[in-house]
Amino acid sequence: MAEGATARDGGGAAPLLEVVGLRIELERRAEAPVPIARDVSLRVEEGEIVGLIGESGSGKTMTAKSLLGLLPERIRVVAGRAMFRSRDLFALTPPQMREVRGAEIALIPQDALHALNPVQVVGRQVGEPVEVHARRPGPEIRELVVRLLERVHIPNPRARSADYPHQFSGGMQQRALTAMALSMEPPLILADEPTTALDVTIQAEIIALIRDLRAQTGTSFLFISHDLGLVSSLCDRIYVMYAGEIVESGVREEIFDRPRHPYTRALMGAAPRLLGNPERLSTIPGRIPQPSEEIAGCRFRVRCPLAEARCAEPPPLREAARGHDARCWLA
Amino acid sequence: MLVAARNLRKTFRSGGLFRRGAGVLALDDVSFSLAEGESLGVVGESGSGKSTLLRTILRLTPYDAGSVTFDGAEIAAMDRGALRRFRQRVQPVFQNPYSTFNPRFSVGASIALGFELLGNVDKADIPGEVARLLDDVGLDPDLASALPHQLSGGQRQRAAIARALAVKPDLLLLDEPTSALDVSVQAQVLNLFKDLQGRYAFSLMLVTHDLPVVTFMCDNVLVMKSGAIVERGETGTLVRDPESDYTRKLVSSAV
Amino acid sequence: MLRRINWRRYGLVVVTLPVVILVFVASAFAPVIAPYDPYALDVLVMLEGPSEKHLLGTDELGRDILSRVMQASRISIVVGLVAVGIGAFGGTLIGLLAAWFGGKIDAVLMRFMDIVFCFPAILLAVILMANLGTSVLNAMLAIGIIFIPGFARLTRAVAQTVQRQPFLEAAICLGVPGRRIVLREILPNVIGPVLVEAAVAFSYAVLLESALSFLGLGAQPPEPSWGNMINTGRGFIDQAPWISLAPGVALFLTVFSFNLLGDGLRDVLDPKLRG
């Protein structure tokens, strides 16, 4: 367990990041806007690794992007705040946001294999945030880059920093991107499916690396993924999103040993396991709703095997056990 | 044996008029066989040669040395007629549900192609057969007139299975059939494969990086690395008691 | 139902199409709608500026310039159409064959295309005409041949992309015969880009034909063509600039609008701007 966990239990200090009541909408020309994220609240404590999981259309990626002001055209934050070190990220001007990006909140992007510029050497790119934010002399930056590459376990870092991205394997490219995210020693790193494009054995290495870095530097991570297994092995606390809402949240053990929301339970039964698979996987009937589909009451109601009359009323996200919230009347 | 491969070799060479690239050994002395009714998984990471192996058996990628036989006949030596019969007995389902259908044709037209080529169904009966197939894979038969982009990823993958089944194949070759799908959709598609296998009685070869998918679907498994088979065996045994270091690493990473 | 025009998608085409249609109509019906006989000499009105009687003036032999510009547009259009037809048909065929068969056939065909590509159109036209005599037909042939490699490269590139698509491999695995795959699955994907290229090539063909005529290698007097009209006008540029100006402006407008039409077609065929 990280130091962060004890700090949280103490409940004294304010969280590093606290998002409250976030609503993101896609604007349309003639029709009403489509909600992408509805009333999303989450927090990340100092030194904590927090998982945000969901399937496509759950709104997890847009939630993460909104924090860095990286939402695509026509998608906007229309309500809520994101307090980070006593500032509201959503209220920052573009120049202020540029100061935050990379320096205070860094991003490890999804597609490691296309995130590095193929015509520039890796070292130069890893040092870029420092070049931009701190404006330190070249030799100093080069030394820093070597130390960073060493920290993400790239062998022979001095020589490798002069390599081009294609001379790096996929796992090493993702390590380099992680080094880049670390370069300004930001207190918070957003990792958007950082291992999805990588092979499973390399995926395991990156996960170990993130765990290491947290222990060494106390950096907090918000880890976005669709992979329950991955999140369960890495994160201290987990938020589960479905159709734009957080439907369940809690510490890892609570979520995985005692899931309260029928969606979380169904999702866990749907993933095949290495051993002891049932004859048939449990499935969720129907499909993930489009963001534009209005469903009165609980948004999972139409696919839920346990739905009953009161589910037509929207359930609040409420405490089901200590440190464990669920958005379900039955939890 | 339905499929038997002996000492398969394949090297991909890059290079042009004046340059001969070093080449990548994609298949390094690969031998295996697949019995009728068997479900065989092939696991490995990117660059392990698993997809090349599948494409070789589909006769989409020619091999440099060795032999592949289907039902006793060498696939590289088939004449026109034999090749046509082979094509109808072996069908692929590919990974990417977004480009698996020609965007210009309706889903129904693409599925009907199999019946037209096989010629075992009256022209007038084809729409009915297409509807029956769509129903079999759990899709609304009305989707026959839809264009591919109007379907979700999971629906398209079901439709791709329907297209493959139209010619009543003896062997289905699946290349990462669910890795582009959400977990809950993957579960539906994997269950569907199992149901259909019971009903249509095809053999199955499943290529994936995802070991749990193989343990759910397959009786036996080949583990590939750098173009070679490093381990093979009954799925449960191999996962419980892996022999090679590489398989052990795969198993421990998959948890 | 289209309630409004999607300007992002159709804008360029909507704007350029009228000019393109005007050019085609003017050339197709030139004998009917032209105010004068383009060949009729009238010594009483030599080198007269634009007037009510002669909207664009007259040339050194008293011929009506407007009528001659309209008559000349027929040559430009025919040369453009035939040359682009030769280039598009030959190029698409070669491109499809090269992509489908690959290997040695591909290498041989494309190297041959590279060789053709090296010839400047003018030079090839000069060589052809030195051997076969100057005529509009040879000009069309020369320009058409020059276009083949461009279309072939384009077609081959698009076809190769399509051939790597899973839907095409699925068709191969169903046992669909090769000819049917090329015609039914690949060709429809090629036609869009070829059409865009054709519009641009058309404008280039018109320009080339004018250049050849200007050099005296295309249409021969008294047959009017924009190129030889500009050339004739050169001698009278001080007294009667309209002789060169009128065909020059016609040439510019035609080339410009076909170029824009090419861009416009790209927008129309772009699935991302659909809906």
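Computed from a predicted structure; not experimentally measured. (Residues numbered from 1 in each chain as written. Chains lettered and ligands numbered in written order. Predicted model: local features only at pLDDT ≥ 70, side-chain atom pairs only at ≥ 80, totals over all residues. Heavy atoms only, no water.)

## Some words on the overall build of chain C
Where we set the bar: Secondary structure elements follow DSSP: runs of H or I no shorter than four residues count as helices, runs of E no shorter than two count as strands, and numbering proceeds from the N terminus. Whether a residue is buried, partly exposed or exposed follows from its accessible area with a 1.4 Å probe, protein chains only, as a fraction of its type maximum: under 20%, in between, or over 50%, in that order. The contact definition used throughout considers only heavy atoms, calling two residues in contact when any of these lie within 4.5 Å. Only the protein chains shown count as cover for residues, and all accessible areas are computed by the Shrake-Rupley method using a 1.4 Å probe. Residues counted as positive are Lys and Arg, residues counted as negative are Asp and Glu, and His and the chain ends are not counted. A charged residue contributes its charge at one atom only: NZ of Lys, CZ of Arg, CG of Asp or CD of Glu.
When helices and strands are counted, chain C shows ten helices and zero strands. For chain C, the sequential pattern of α-helices and β-strands runs α-α-α-α-α-α-α-α-α-α. Overall, chain C is about 75 × 55 × 30 Å in size when its C-alpha atoms are taken along their principal axes. Taken over 275 residues, chain C has a buried fraction of 48%. Long-range pairs, those at least 24 residues apart, make up 72% of the contacts in chain C between residues at least 6 apart in sequence. By element, 70% of the accessible surface of chain C is carried by carbon and sulfur atoms, the whole surface being about 13600 Å². Across chain C, the 20 positively charged side chains and the 18 negatively charged ones have centroids separated by 16 Å.

## Section: the overall build of chain A
Counted only if it meets this: This radius of gyration counts C-alpha atoms alone. The globule rule is 2.2 Å times how many residues there are, raised to the power 0.38.
Counting its secondary structure elements, chain A contains 13 helices and twelve strands. Compactness check: chain A gives a C-alpha radius of gyration of 21 Å against a globular reference of 20 Å for 331 residues, within 12% of the reference. In chain A, which comprises 331 residues, the share counted as buried stands at 50%. A separation of at least 24 residues holds for 63% of the contacts in chain A among residues at least 6 apart in sequence. Between the mean site of the 41 positive side-chain charges and the mean site of the 42 negative ones, chain A shows a separation of 2 Å.

## Re the nonpolar core
Where we set the bar: Here, nonpolar core refers to any group of buried Ala, Val, Leu, Ile, Met, Phe, Trp, Tyr and Cys residues whose side-chain atoms link them within 4.5 Å.
Phe 223 of chain A together with Ile 161 and Met 217 of chain B are the most contacted members of the largest nonpolar core, which has 109 residues in total. Of the residues forming this core, the biggest block, nine residues, is contributed by helix α6 (residues 183–200) of chain B. Phe 223 of chain A has contacts with Val 50, Gly 51, Leu 52, Ala 191, Pro 194, Ile 207, Ile 210, Leu 230, Val 231, Leu 234 and Cys 235 of chain A, leaving out every residue within four places of it along the chain. Formed by 65 residues, the second largest nonpolar core is a distinct cluster that contains Ile 77, Val 190, Trp 226 and Trp 242 of chain C.

## Remarks on the interface of chain A and chain B
The criterion, for reference: In this description, buried area is defined as the sum, over both parts, of the accessible area (probe of 1.4 Å) that is lost when the two are combined. Every case where a carboxyl oxygen of Asp or Glu lies within 4 Å of a side-chain nitrogen of Lys or Arg is listed as a salt bridge. Polar contacts, as counted here, are pairs of nitrogen or oxygen atoms within 3.5 Å of one another; within protein the pair requires one atom able to donate a hydrogen and one able to accept it, and residues that are adjacent in sequence qualify only if both atoms are side-chain atoms. Residues were grouped as follows: Ala, Val, Leu, Ile, Met, Phe, Trp, Tyr, Cys and Pro as nonpolar; Asp, Glu, Lys and Arg as charged; and all remaining residues, including Gly, as polar.
Taken residue by residue, the interface counts 26 residues in chain A and 28 residues in chain B. Regarding the contact of chain A and chain B, the summed buried area is about 2300 Å², with carbon and sulfur atoms giving 58% of it. Sorting the residues of chain A by area buried against chain B places Val 200, Thr 201 and Leu 274 of chain A first, and these three jointly supply 27% of that buried surface. The shortest N-O distance in the salt bridge between Glu 279 of chain A and Lys 194 of chain B comes to 3.9 Å. Summed over the shared surface of chain A and chain B, the number is 13 residue pairs in polar contact (both at pLDDT 80 or more). The element that contributes the greatest number of residues to the side of chain A that touches chain B is helix α10 (residues 200–217) of chain A, accounting for four residues. A breakdown of the residues in the side of chain A that touches chain B according to their chemical character gives twelve nonpolar, seven polar and seven charged.

## Description of the confidence of the model for chain A
Inclusion rule: Predictor confidence is given residue by residue as pLDDT, running from a minimum of 0 to a maximum of 100.
For chain A, per-residue confidence averages 89 on the pLDDT scale, and 96% of positions sit at 70 or higher. Taken together, the stretch residues 1–10 of chain A has pLDDT below 50 and engages in eleven contacts with residues farther than four places along the chain or on a different chain.

## With respect to the pairing of strand β1 (residues 3–12) of chain B
Residues and elements named next belong to chain B. Applied cut-off: Think of it this way: DSSP has to see at least two bridges between two strands before they count as a pair.
As judged from the eight bridges shared by β1 and strand β2 (residues 24–34), these two strands associate in the antiparallel manner. Following the sheet pairing, Phe 12 is matched in β2 by Val 24. Note: β1 against strand β4 (residues 65–70), five bridges, orientation antiparallel. Counterpart to Arg 9 in the pairing with β4 is Ala 65.

## A closer look at the packing of helix α3 (residues 107–118) of chain B against helix α5 (residues 153–165) of chain B
All names here are of chain B. For clarity, the threshold we go by: A fitted line through C-alpha atoms serves as each axis, taken over the contacting stretch for helices, and the angle formed by two N-to-C directions is quoted from 0 to 180°. Our angle categories are set so that under 35 degrees counts as roughly parallel, over 145 as roughly antiparallel, 65 to 115 as roughly perpendicular, and the remainder as oblique.
With their axes 7 Å apart at the nearest point, α3 and α5 run at an angle of 25° to one another. With respect to α5, the axis of α3 lies roughly parallel. Contacts between α3 and α5 involve Val 107, Ser 110 and Ile 111 from the former and Ala 159, Ala 162 and Arg 163 from the latter. By residue class, the composition of the contact of α3 with α5 is four nonpolar, one polar and one charged.

## What about the pairing of strand β1 (residues 17–26) of chain A?
All names here are of chain A. Summarising the sheet, β1 and strand β4 (residues 75–84) pair through eight bridges and their orientation is antiparallel. Directly across from Leu 26, in β4, lies its bridge partner Ile 75. Taken together, the seven bridges between β1 and strand β2 (residues 34–44) define a ladder with antiparallel strand orientation. Within β2, the residue paired with Ile 24 across the bridge is Ala 37.

## As for the environment of Met 224 of chain B
All names here are of chain B. Within the element layout of this structure, Met 224 appears in strand β9 (residues 220–225). Its relative accessible area of 0% is what places Met 224 among the buried residues. Along the backbone, Met 224 and Leu 54 are 170 residues apart, and their C-alpha atoms lie at a distance of 12 Å. Beyond its immediate stretch of four places on either side in the chain, Met 224 contacts Leu 27, Val 30, Val 42, Val 43, Gly 44, Ser 48, Gly 49, Lys 50, Leu 53, Ile 229 and Tyr 246.

## Some words on the pattern of salt bridges
Any two side chains of opposite charge can pair if their charged atoms end up close together. With the rule as written, the count across this model stands at 38 salt bridges over all chains. One salt bridge connects Glu 31 of chain A with Arg 28 of chain A, and the closest N-O pair in it is separated by 3.9 Å. The shortest N-O distance in the salt bridge between Arg 199 of chain B and Asp 136 of chain B comes to 3.1 Å. Placement of Arg 199 of chain B in helix α6 and of Asp 136 of chain B in helix α4 (residues 126–136) is noted, with a sequence separation of 63 residues between them. Connected through salt bridges with shared partners, the residues Glu 129, Arg 132, Asp 136 and Arg 199 of chain B form a single ionic network.

## Remarks on a nonpolar patch on the surface
All names here are of chain C. Spelled out, the test is: Without a salt bridge and with relative accessible area above 30%, a residue can belong to a patch; like charges are then joined within 9 Å and nonpolar side chains (Val, Leu, Ile, Met, Phe, Trp, Tyr) within 5 Å.
A contiguous nonpolar surface patch, about 540 Å² in accessible area, is contributed by Leu 17, Ile 21, Val 25, Phe 29, Val 32 and Ile 33. Sorting the residues of the nonpolar patch by element identifies α1 (7–28) and α2 (30–33) as the ones contributing at least two each. A per-element tally of the nonpolar patch places α1 first, with three residues. Structurally, Ile 33 can be placed in helix α2.

## Describing the confidence of the model for chain C
Residue and element names in this part refer to chain C. Mean pLDDT over chain C stands at 88; residues scoring 70 or higher make up 96%. At the level of individual helices and strands, chain C shows its lowest average pLDDT in helix α5 (residues 121–132), which scores 80, and its highest in helix α3 (residues 65–101), which scores 94. Reported for the predicted complex are a pTM of 0.83 and an ipTM of 0.86.

## Considering the arrangement of the chains
The structure contains two pairs of chains in contact, of which chains A and B account for the largest number of contacts. At the level of C-alpha atoms, the two units chain A and chain C stay apart, their nearest approach being 12 Å.

## As for the interface of chain B and chain C
Counting residues at the interface gives 22 residues for chain B and 17 residues for chain C. Both sides of the chain B and chain C interface together cover about 1900 Å² of buried area, and 63% of this is carbon and sulfur. If you look at where chain B meets chain C, you find two salt bridges. For the salt bridge of Glu 169 of chain C with Arg 55 of chain B, the shortest nitrogen-to-oxygen distance reads 2.8 Å. Elements with a minimum of two residues in the side of chain B that touches chain C: β6 (90–93) and α3 of chain B. A breakdown of the residues in the side of chain B that touches chain C according to their chemical character gives twelve nonpolar, five polar and five charged.

## A short note on the sheet that holds β4 of chain A
Spatial strand order, β2-β1-β4-β5 (chain A): four strands in an open sheet with antiparallel pairing. Since the sheet does not close on itself, it has two edges, and those belong to β2 and β5 (87–88) of chain A, each with one partner.

## Structural notes on the sheet that holds strand β8 (residues 220–225) of chain A
Within a sheet, each strand pairs with its neighbour through backbone hydrogen bonds, oriented either parallel or antiparallel. All names here are of chain A. Spatial strand order, β6-β7-β8-β3-β9-β10-β12-β11: eight strands in an open sheet with mixed pairing. Lying at the two open borders of the sheet, with one neighbouring strand each, are β6 (105–108) and β11 (318–321). Taken over all neighbouring pairs, the strand axes of this sheet differ in orientation by 25° on average, direction set aside. In this structure, strand β3 (residues 49–53) lies alongside strand β9 (residues 237–242), joined through four bridges in parallel fashion. Counterpart to Val 50 in the pairing with β9 is Arg 237. In this fold helix α2 (residues 60–67) packs onto β3, β7 (188–192), β8 and β9, with an angle of close to 145° to the strand it touches most, β8. Contacting β9 and β10 (245–251), helix α13 (residues 262–270) runs over the sheet at an angle of about 95° to β9.

## Side note on α1 of chain C
Every α-helical turn comprises 3.6 residues, leaving residues that sit three or four positions apart pointing alike. All names here are of chain C. Note the cut-off: Here a helix's expected span is defined as the number of its residues, less one, multiplied by 1.5 Å. Across the chain, bend at a residue is computed as the angle between axes fitted to the seven residues ending at that point and the seven starting from it.
For α1, built from 22 residues, the straight-helix expectation of 32 Å at 1.5 Å per residue is met to within 8% by its first-to-last C-alpha distance of 30 Å. The sharpest bend along α1 measures roughly 35° and falls at Thr 16, with the proline Pro 18 sitting one to four residues further on. Taken residue by residue, α1 has Arg 9, Gly 11, Val 13, Thr 16, Val 20, Val 23, Ala 26 and Ser 27 as its buried positions. Turning to α1, the residues buried within the fold contact α2, α3 and α10 (242–269).

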